[in-house]
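Residue-level listing of the chains:
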There are 2 protein chains.
Amino acid sequence: MTHLPGIPVALEDALDIVIPTIRDLHFLEQWRPFFQRYHLIVIQDGDPDRKIQVPPGFDVELYTRRDIERLLGDHAWCISFKDSACRCFGFMVSKKKYIYTIDDDCFVAKDPSGADISALEQHIRNLLTPSTPLFFNTLYDPYASGADFVRGYPFSLREGCPTAISHGLWLNIPDYDAPTQMVKPLERNTRYVDAVLTIPKGTLYPMCGMNLAFNRETIGPAMYFGLMGDGQPLGRYDDMWAGWCTKVICDHLGWGVKTGLPYIWHSKASNPFVNLRKEFKGIFWQEDIVPFFQGARLSPAATTAEACYLELAEQVEQKLGHIDAYFARLAHAMVAWVEAWRLLNPAPADAEPAAVAAAVPKQEAAAAPAARAKGRRVG
Amino acid sequence: MTHLPGIPVALEDALDIVIPTIRDLHFLEQWRPFFQRYHLIVIQDGDPDRKIQVPPGFDVELYTRRDIERLLGDHAWCISFKDSACRCFGFMVSKKKYIYTIDDDCFVAKDPSGADISALEQHIRNLLTPSTPLFFNTLYDPYASGADFVRGYPFSLREGCPTAISHGLWLNIPDYDAPTQMVKPLERNTRYVDAVLTIPKGTLYPMCGMNLAFNRETIGPAMYFGLMGDGQPLGRYDDMWAGWCTKVICDHLGWGVKTGLPYIWHSKASNPFVNLRKEFKGIFWQEDIVPFFQGARLSPAATTAEACYLELAEQVEQKLGHIDAYFARLAHAMVAWVEAWRLLNPAPADAEPAAVAAAVPKQEAAAAPAARAKGRRVG
């Protein structure tokens, strides 16, 4: 942190932790020293009548499907049901600047010295220091302690760009697709790579939602996890979809995406047979989706994540619609998501982008702040 | 190495080690277990009458300035004098498929377990396994042991691309420019990052020549370290120049560039005051050079490194000539380099690219194989 002295490593008042779950949250016990000072938003997937157990002492706001439907009304369909994609509802109801989202089968990992890794602290460092998407630094994050820009790195680029996303990794169970899980059932990730790096501009990556932080104020309105799960032909592509959309938008708007540290301990491999059923269409479709995103261009008029996202939705319908009727539905859901975002996060009148203003009925926008206070407080 | 079983980790008959030096090669003692089976090409810079000491038992072929002038005749001016850029002459006289080049102030580094790192072995693994420049894999090198492609990585891209360059890193003294050296005289690189990664297509990086391996058969003719040192306005940009040119060409031809492991131990910081004098023009010029390379496009007709390099030379003269007369000279030197390469490496008549065939007089090309046997054998 030599370039940016005095970076706080805790942001209790500026960051919410979002957890999608269908089970009791015993995993929080291990995270207590790290999460207890933060506000937690839990999205309870599946049966809304089930009572989820939360360890005492946490500040938890919990939403079930019933809450989502009550708060979003006829926009609720854009939030996935019976799929961890539902987590993005938590991004929408938060009022904080930053979000950290983590899966409930992820535990505290240890660094090579045996010390517990404070994943959240590292994510905050990643988000509060600039990114370097325009030129690759061979010693990785130049803002890390003991590192810098190497010889030959243009001085005009050393201020970097604002960081929008911090993508953390996983020790133990790697995030493999079903075919790879089946071929390598015993493979475990034991390699601790002590690096954070910026994914260069113009390069796509597979973003995993298991251990992810982002700046909600900038990229939040594009962090939609798509239509997955119940009633949809696809699962396990929620985070991929969000990753591809947000990377294209970050590249367009000059924001950075980092990957690498911090690690969490991913405890349990999901069932590869179930996974294959969820993801097999995606395995075919991604062969078209990835080139689509690699070639996607946004207009200079799109200067906010919302405006970019609406342009992208239009392109999805036009250019991916031929693959399957699903993509037209997904494109409509992307628009519904932005409308719902604006419903719960009304922009100050003078800063409201025209496209979104037109899409959101005024009376709904006005009703939103009152509506969102109705999440159940737990713990 | 799970994807590519049976990769050899030694290539005695297919790799030469190139070392530029002005001093006795005592540093080889530490490398004896790793280098002794290989053929070494030493480019003795500076005074050609000085007798360089080489530890016994190494297979060394040594060239002085006098040898360079004798072998290249009126093309010798393209090889830098009094600058480690002269190393590229060694790339030209080699007849092997692969080159490893290392500086004489670089020693064997240790991994976190305390074991000696066989840098050459790791470079060979890097070169013999594919690269993945078209999509970023978040678990780094998918061909490394215990790793693979993560969920969301398109299956059509998992065969990867041929690797042209393996860029290794440095523990202890980092490769900083003079201003950074001056500001942080005590900074040492102690972070062992256990990763190899492909630098994505379209992204430039600062290539350091200190610990570098490449496929001479593919990218060799573009691995020219420019005009530096004696009589030139610039130093310490030799490897940067080669790195920018070769990256643009690798991107065009579908070849990969890796960076990361292996580490060597860089023992000694060069004098920052001397360095500043050598590089200060480069610090200004790189602000124009980098955008030039970021925007450089090669024609579909350019299907070899030579053909690409000649196109690039033309663009350098046209688009960087306005900065300083140096760039026209450099562009001419780039052409002279390709001519000299062809002189020492005559292509089979049927495979000879037209542009180069026209540039190299036939009698010189024919004379080359005899001429090059005259390097002094030492040790």
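Given the structure is predicted, the values throughout are model-derived calculations rather than measurements.

Visitor: Please clarify how the relation of the copies chain B and chain A should be interpreted in this entry.
Guide: One copy of the chain maps onto the other through a rotation about an axis plus a displacement along that axis. Screw-axis analysis of chain B against chain A gives a translation of 0.0 Å along the axis, an RMSD of 0.0 Å, and a rotation angle of 180°. The symmetry that links the two subunits is that of a two-fold axis. Using C-alpha coordinates, one finds that chain B approaches the rotation axis most closely at Val193(B), a distance of 2.7 Å. Comparing interface residues between copies, 100% of those in chain B also sit at the interface in chain A, which points to an isologous, same-surface contact.

Visitor: Can you help me understand the pairing of strand β6 (residues 163–172) of chain A in this one?
Guide: The two faces of a sheet get side chains in turn, since along a regular strand they alternate between them. Residue and element names in this part refer to chain A. The element β6 is largely enclosed, with a buried count of 10 among its 10 residues. Relative to strand β9 (residues 256–266), β6 is paired through 9 bridges, and the arrangement is parallel. Each bridged residue has a counterpart across the sheet, and for histidine 167 the counterpart in β9 is threonine 259. Here β6 pairs with strand β8 (residues 211–215) via 3 bridges, running antiparallel. The residue bridging isoleucine 165 from the neighbouring strand is phenylalanine 214, located in β8.

Visitor: Mind showing me how you'd approach unusual backbone geometry here?
Guide: Most peptide bonds take the trans form, and the phi angle of most residues other than glycine is negative. Residue and element names in this part refer to chain A. Cis geometry is found at the peptide bond from leucine 261 to proline 262, where omega equals 5°. Its location among the elements puts proline 262 in strand β9. Unlike most non-glycine residues, lysine 82 shows phi in positive territory, near 60°. Assignment of secondary structure puts lysine 82 in the loop between α2 (65–72) and α3 (88–93). In this model, asparagine 172 sits at a positive phi of 80°, which is unusual for a non-glycine residue. The residue asparagine 172 is located in strand β6 in this model. The exposure class assigned to asparagine 172 is buried, which follows from its relative accessible area of 12%.

Visitor: I tried to follow the packing of aromatic side chains on my own but got confused; where do I start?
Guide: Aromatic ring pairs are described here by two measures, namely the spacing of the ring centres and the angle between the planes. A full pass over the atoms with the stated rule returns 40 aromatic pairs over all chains. Considering the side-chain rings of Trp337(A) and Trp341(A), the 5.6 Å spacing of their centres and the 50° angle between planes classify their relative orientation as tilted. Taken together, the residues span about one helical turn, with Trp337(A) and Trp341(A) both in helix α9 (residues 325–344) at a distance of 4 residues. An identical accessibility class is assigned to Trp337(A) and Trp341(A); each is buried. Between Phe91(B) and Phe225(B), the ring centres sit 5.7 Å apart and the planes meet at 75°, which makes this aromatic pair edge-to-face. Placement of the pair is Phe91(B) in helix α3 (residues 88–93) and Phe225(B) in the loop between β8 (211–215) and α6 (238–253), with a sequence separation of 134 residues. A residue is classified by how much of its surface remains accessible, and Phe225(B), at 0% relative accessible area, is buried. Linked through ring pairs, Trp241(A), Trp244(A), Trp285(A), Phe292(A), Phe293(A), Tyr326(A) and Phe327(A) together constitute an aromatic cluster.

Visitor: What am I meant to see in a nonpolar patch on the surface here?
Guide: All names here are of chain A. There is a patch of nonpolar side chains on the surface, built from Met182, Val183, Phe273, Leu276, Phe280 and Phe284 and spanning about 630 Å² of accessible area. Put simply, the parts of the chain that give the nonpolar patch at least two residues each are α5 (178–183) and α7 (272–295). When residues of the nonpolar patch are assigned to their parent elements, the largest contribution, 4 residues, is made by α7. Tracing the chain through its elements places leucine 276 in helix α7. For leucine 276, a relative accessible area of 31% puts it in the partly exposed group.

Visitor: I'm lost on empty space enclosed by the protein in this one. Help?
Guide: A probe as big as a water molecule, rolled over the atoms, marks out the empty space that is left. In the structure shown here, the tally under the stated rule is 6 cavities of 30 Å³ or more. Here the largest cavity defines a volume of roughly 90 Å³. Per element, the largest residue contribution to the lining of the largest cavity is 3 residues, and it comes from strand β7 (residues 196–198) of chain B. Here the second largest cavity is characterised by a volume of approximately 80 Å³. Considering the residues around the second largest cavity, the lining is formed by 13 residues, among which Thr132(A), Tyr140(A), Asp141(A), Leu197(A) and Thr198(A) are closest to the centre. For the lining of the second largest cavity, the element with the most residues is strand β7 (residues 196–198) of chain A, which contributes 3 residues. Residue composition of the lining of the second largest cavity, by class: 7 nonpolar, 4 polar and 2 charged.

Visitor: Before we go on, may I ask you to explain the pattern of salt bridges in this structure?
Guide: A side chain of one charge can pair with a side chain of the opposite charge when the charged atoms of the two come close. Applying the stated criterion across every chain yields a total of 39 salt bridges over all chains. Lys96(A) is the salt-bridge partner of Asp16(A), the closest N and O atoms lying 2.7 Å from each other. Remark: Lys96(A) occurs in the loop between α3 and β4 (98–102) and Asp16(A) occurs in strand β1 (residues 15–21); sequence separation between them is 80 residues. Across this residue pair, the class does not change: Asp16(A) and Lys96(A) are buried. The partner of Arg32(B) in a salt bridge is Glu29(B), with the nearest N and O atoms 2.9 Å apart. Of this pair, Arg32(B) and Glu29(B) both sit in helix α1 (residues 28–35), 3 residues apart, roughly one helical turn.

Visitor: Explanation requested: the environment of Ala119(B) in the structure shown.
Guide: Residue and element names in this part refer to chain B. Inspection of the secondary structure assignment puts alanine 119 in helix α4 (residues 119–128). Taking the C-alpha atoms as reference, alanine 119 lies 17 Å from threonine 163; in sequence the two are 44 residues apart. Among residues more than four places away in sequence, those in contact with alanine 119 are Trp31, Tyr100, Pro262, Tyr263 and Ile264.

Visitor: Looking at this model, I keep getting lost on the packing of helix α7 (residues 272–295) of chain B against helix α8 (residues 305–320) of chain B. Mind explaining?
Guide: How two helices sit against one another is set out by the angle between their axes and by the gap between those axes. Residue and element names in this part refer to chain B. Between α7 and α8, the least distance of the axes is 11 Å, while the angle of their chain directions is 135°. As judged from the angle between their axes, α7 and α8 are oblique. Judged by the twist between their axes, the crossing of α7 over α8 is right-handed. Of the residues in α8, those in contact with Asp288, Ile289, Phe292 and Phe293 of α7 are Leu312, Gln315, Val316, Lys319 and Leu320. When grouped by side-chain class, the residues that make up the contact of α7 with α8 number 6 nonpolar, 1 polar and 2 charged.

Visitor: Which parts of the structure should I look at to understand the environment of Cys161(B)?
Guide: Residue and element names in this part refer to chain B. Tracing the backbone through its elements, the reader meets cysteine 161 in the loop between α4 and β6 (163–172). Linking cysteine 161 and proline 130, residues 31 residues apart in sequence, is a C-alpha distance of 5.2 Å. Other than its neighbours up to four places away in sequence, cysteine 161 contacts Pro130, Ser131, Pro133 and Gly254.

Visitor: What is the right way to read the UniProt feature "site: Required for activity" (unreviewed entry) in chain A from this model?
Guide: Within the UniProt annotation, "site: Required for activity" (unreviewed entry) is assigned to Arg151(A) and Arg158(A). Position of Arg151(A) relative to the elements: it lies in the loop between α4 (119–128) and β6. Residue Arg151(A) is classed as buried on the basis of its relative accessible area of 5%. In this structure, Arg151(A) is in contact with Asp175(B), Tyr176(B), Asp177(B), Pro206(B), Cys208(B), Arg236(B), Asp239(B), Met240(B) and Glu279(B), ignoring residues within four places of it in sequence.

Scoring rules and cut-offs
Residues numbered from 1 in each chain as written. Chains lettered and ligands numbered in written order. Predicted model: local features only at pLDDT ≥ 70, side-chain atom pairs only at ≥ 80, totals over all residues. Heavy atoms only, no water. Least-squares fit on C-alpha atoms with pLDDT ≥ 70 in both. Contact = heavy atoms within 4.5 Å. Buried < 20%, exposed > 50% of the residue type's maximum accessible area, 1.4 Å probe, protein only. Helix = DSSP H or I, 4+ residues; strand = E, 2+ residues; numbered from the N terminus. Pairing = 2+ DSSP bridges. Phe/Tyr/Trp six-rings, centres within 6.5 Å; stacked < 30°, edge-to-face > 60°. Patch = residues over 30% accessible without salt bridge, like charges linked within 9 Å, V, L, I, M, F, W, Y side chains within 5 Å. Areas by Shrake-Rupley, 256 points an atom, 1.4 Å probe, with all protein chains shown as cover. Salt bridge = Lys/Arg side-chain N within 4 Å of Asp/Glu carboxyl O. 1 Å grid on protein atoms, 1.4 Å probe; cavity = no way out; pocket = protein on both sides within 12 Å on 5 of 7 lines; lining within 4 Å. Points joined across faces, edges and corners; volume = space filled by probe spheres on them. Nonpolar A, V, L, I, M, F, W, Y, C, P; charged D, E, K, R; others polar. Axes fitted to C-alpha atoms, helices over the stretch in contact; angles between N-to-C directions. Parallel < 35°, antiparallel > 145°, perpendicular 65-115°, else oblique. Left-handed = near helix turned anticlockwise from the far one by under 90°. UniProt positions renumbered as here; feature names shortened; annotations may be inferred.

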